[in-house]
Amino acid sequence: MQIERLLQQQGFGTRKGCRSLVRHGRFAIQGQVIEDPFLDIDPIGLKFTVDEQEWPYFEKAVVLFHKPAGYECSRKPKHHPGIYTLLPSQFVERDIQSVGRLDEDTTGLLIMTDDGQLIHSLSSPKRKVPKVYRVTVRHPLDEPQRQALLAGVMLNDDPDPAHAVAAEIVDSHTLLLTITEGRYHQVKRMLAAVSNRVEALCRVAVGGLELPADLPPGQWRWLEAADLERLWSKSP
Ligand code: URA
């Protein structure tokens, strides 16, 4: 693939802009500056630098983002800054999107990708991908609440009950709740349905993929083939 095309595909701007970037000596492979934008290179497994920052080549970008509180997942946020302001401009250029959305005050694991097929299959209710939330609640938790969440609770205006596939009381005010759907404000509404109230919400896992303990809020990392397998490892 020609370097200028590769850079454009990886989100470094227009073809013309990428051509100029290379001609200005800003592109290198293994420390060697290449100034010919038309040079053909094999992109598979490639690592390159632009302005000395290293980038791996990925035909489709898939990243794990630790969403901080105070950010909206929307591309056109209304009341708070958007998560896209926390990501490299290359991702925005590639039209990377979040798989589903977390509320502005929810933190935790968000998968972001420009792979439309992956977005579709991860969001499909048929795939039943489990999502695990660490829920901090206002009132003490008890066994009847846990049982009700597992049995299914009615949410306003929703004819079908919403139920958890797992619910573990960690301590009096902390619950690990696993759901496979993604209805609007689902966890908050489920806790309200058992007369409790969510005080803080963090998504700690999607499928078999956990939020890495060493990834601070606002940071992201690439997901590679083994991580993607983990994503599906808990689906039926
Ligand atoms: N459920 C909620 O209520 N909010 C979220 O952000 C995610 C799940």
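Each residue is numbered by its place in its chain's sequence as written, counting from 1. Given that the model is predicted, a residue must reach a pLDDT of at least 70 before its local features are reported, and side-chain atom pairs must reach 80 or more before they are shown or counted; all residues, however, enter totals for whole chains, interfaces and linings. The side-chain numbers reported here are obtained from all heavy atoms of the structure, hydrogens and water having been left aside.

### Details of the pairing of strand β7 (residues 107–113)
Here is step 1 of the chain: Working definition: with a 1.4 Å probe on protein chains only, accessible area under 20% of the residue-type maximum means buried, over 50% means exposed, and in between means partly exposed. Each helix is a run of DSSP H or I of at least 4 residues and each strand a run of E of at least 2, with the numbering of both proceeding from the N terminus. A large share of β7 lies buried, amounting to six of its seven residues.
Here is step 2 of the chain: Two strands are counted as paired when DSSP detects at least two bridges linking them. In terms of strand pairing, strand β5 (residues 62–67) meets β7 through six bridges, oriented antiparallel. Opposite H66, over in β7, you have L109 as the bridge partner.
Here is step 3 of the chain: In this structure, strand β6 (residues 97–98) lies alongside β7, joined through two bridges in antiparallel fashion. Residue S98 lies in a different strand from β7, and its bridge partner there is M112.
Here is step 4 of the chain: Bridging between β7 and strand β11 (residues 198–206) involves two bridges; their strand directions are parallel. Note that in β11 the partner of T107 across the bridge is C202.

### Observations regarding the site of the ligand
Here is step 1 of the chain: Lining the immediate surroundings of the ligand are L102, D103, T106, Y133, H185, Q186, V187, K188 and L201.
Here is step 2 of the chain: Throughout this description, a polar contact denotes any pair of N or O atoms lying within 3.5 Å of each other; where both atoms belong to protein, one of them has to be capable of donating a hydrogen while the other can accept it, and for residues adjacent in sequence the pair is counted only when both atoms sit in side chains. The contact in question runs from an oxygen atom of the ligand to an N or O atom on the backbone of H185, over 3.2 Å.
Here is step 3 of the chain: Take V187: an N or O atom from its main chain is 3.1 Å from a nitrogen atom of the ligand.
Here is step 4 of the chain: Throughout, the Shrake-Rupley method with a 1.4 Å probe supplies accessible areas, and for residues the shown protein chains are the sole cover considered. Out of a free accessible area of 240 Å², the ligand has 96% covered by protein chains.
Here is step 5 of the chain: A class-by-class count of the residues in the shell around the ligand yields four nonpolar, three polar and two charged. Here, proximity means that at least one heavy atom of the residue falls within 4 Å of the molecule or strand. Note on residue categories: nonpolar means Ala, Val, Leu, Ile, Met, Phe, Trp, Tyr, Cys or Pro, charged means Asp, Glu, Lys or Arg, and polar means any other residue, Gly included.

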